[in-house]
Amino acid sequence: MKIIIKNGSAVPIYEQIKNAIRDEVLKGNLKAGEKLPSVRNLARELSISILTVKKAYDELESEGFIESRQGLGTFVGKEDPNLRLEEKQKKLEEALIEAVRISKDIEMKKNDLFELLEYLYEGDFND
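The name given to the protein chain in an unreviewed UniProt entry is Transcriptional regulator, GntR family, and the organism recorded there is Anaerococcus lactolyticus ATCC 51172.

Quick look at the structure:
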C-alpha cells in the first residue's frame, strides 16, 4: 500500500492517510480481510507520529472500512455495499458541485449543462 503525504496541504495528515486507505478500499485495491500495516510500522514508513496514524485508523474503523482484531492486527473491513455506495454517491455529489460551479463561472445555461451531462452519460469513455 502506497500512501503519499503532502506536508504543505491544508488537509491534516491523519485525514490524508484516512482518505488514501478509504480510496484504495473503494477502488477494490484493498480487499476485505486484507491485513494493513500496524500503526507503528505505517508511522515509521511515513515518518510521522504514531498518534496521527492511530487517529486515521480509529476514524476508518468507526466508519466501517477497517477492523482491529486484538493480537492479530488491523484488517480491511467486510464488504458493505451500502457503505461503499454512500461513499461513491458522496464523491459524485462533490464532482457535480464542482461541475455546477464551473458552469456558473462560464455562464453556461442549465439546459446546456444538462445536455452535456446527458451526452457524457450516454458516451463511451474508452476513446
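Now that the structure is up, let's keep going.
(A) Representation of the overall build of the protein chain within the structure. In terms of regular secondary structure, the protein chain is built from 5 helices and 2 strands. Beginning at the N terminus, the succession of helices and strands in the protein chain can be written as α-α-α-β-β-α-α. Taking the principal axes of the C-alpha coordinates as reference, the protein chain spans close to 55 × 35 × 30 Å. In the protein chain, which comprises 127 residues, the proportion classed as buried is 25%. Taking as baseline every contact in the protein chain between residues at least 6 positions apart, the subset at least 24 positions apart corresponds to 51%.

(B) Region of the structure containing a nonpolar patch on the surface. On the surface, Leu92, Leu96 and Leu117 cluster together into a nonpolar patch covering about 270 Å² of accessible area. Summarising the element assignment, leucine 92 is placed in helix α4 (residues 81-105).

(C) Structural context of the UniProt feature "domain: HTH gntR-type" (unreviewed entry) in the protein chain. Following the UniProt record, the feature "domain: HTH gntR-type" (unreviewed entry) maps to residues 11-79 here. Counted over residues 11-79, helix gives 52% and strand 12%. Its end C-alpha atoms are 27 Å apart.

(D) Layout of the environment of threonine 74. You can see threonine 74 is positioned in strand β2 (residues 73-76). For the pair formed by threonine 74 and proline 37, sequence separation is 37 residues and the distance between their alpha carbons is 7.3 Å.

(E) How the structure looks around a negative patch on the surface. On the surface, a cluster of negative charge is contributed by Asp112, Glu115, Glu118 and Glu122. Mapping glutamate 118 onto the fold places it in helix α5 (residues 110-122).

(F) Local environment of unusual backbone geometry. Its identity as a non-glycine residue notwithstanding, serine 47 has a phi of 55°, on the positive side. Its place among the elements puts serine 47 in the loop between α2 (39-46) and α3 (50-62). Residue serine 47 is classed as exposed on the basis of its relative accessible area, which comes to 66%.

(G) Here's a closer look at the packing of aromatic side chains. Scanning the model with the defined rule gives 0 aromatic pairs in all. If you follow lysine 55 out to its NZ or CZ, it ends over the ring of tyrosine 14, 4.2 Å from the centre. Seen from the ring of phenylalanine 75, arginine 69 lies directly overhead, with NZ or CZ sitting 4.0 Å from the centre.

Reading guide: rules and limits
Residues numbered from 1 in each chain as written. Predicted model: local features only at pLDDT ≥ 70, side-chain atom pairs only at ≥ 80, totals over all residues. Heavy atoms only, no water. Helix = DSSP H or I, 4+ residues; strand = E, 2+ residues; numbered from the N terminus. Buried < 20%, exposed > 50% of the residue type's maximum accessible area, 1.4 Å probe, protein only. Contact = heavy atoms within 4.5 Å. Patch = residues over 30% accessible without salt bridge, like charges linked within 9 Å, V, L, I, M, F, W, Y side chains within 5 Å. Areas by Shrake-Rupley, 256 points an atom, 1.4 Å probe, with all protein chains shown as cover. Salt bridge = Lys/Arg side-chain N within 4 Å of Asp/Glu carboxyl O. UniProt positions renumbered as here; feature names shortened; annotations may be inferred. Lys, Arg positive; Asp, Glu negative; His and termini not counted. Charge placed at Lys NZ, Arg CZ, Asp CG, Glu CD. Phe/Tyr/Trp six-rings, centres within 6.5 Å; stacked < 30°, edge-to-face > 60°. Lys NZ or Arg CZ within 6 Å of the ring centre and 35° of its normal.

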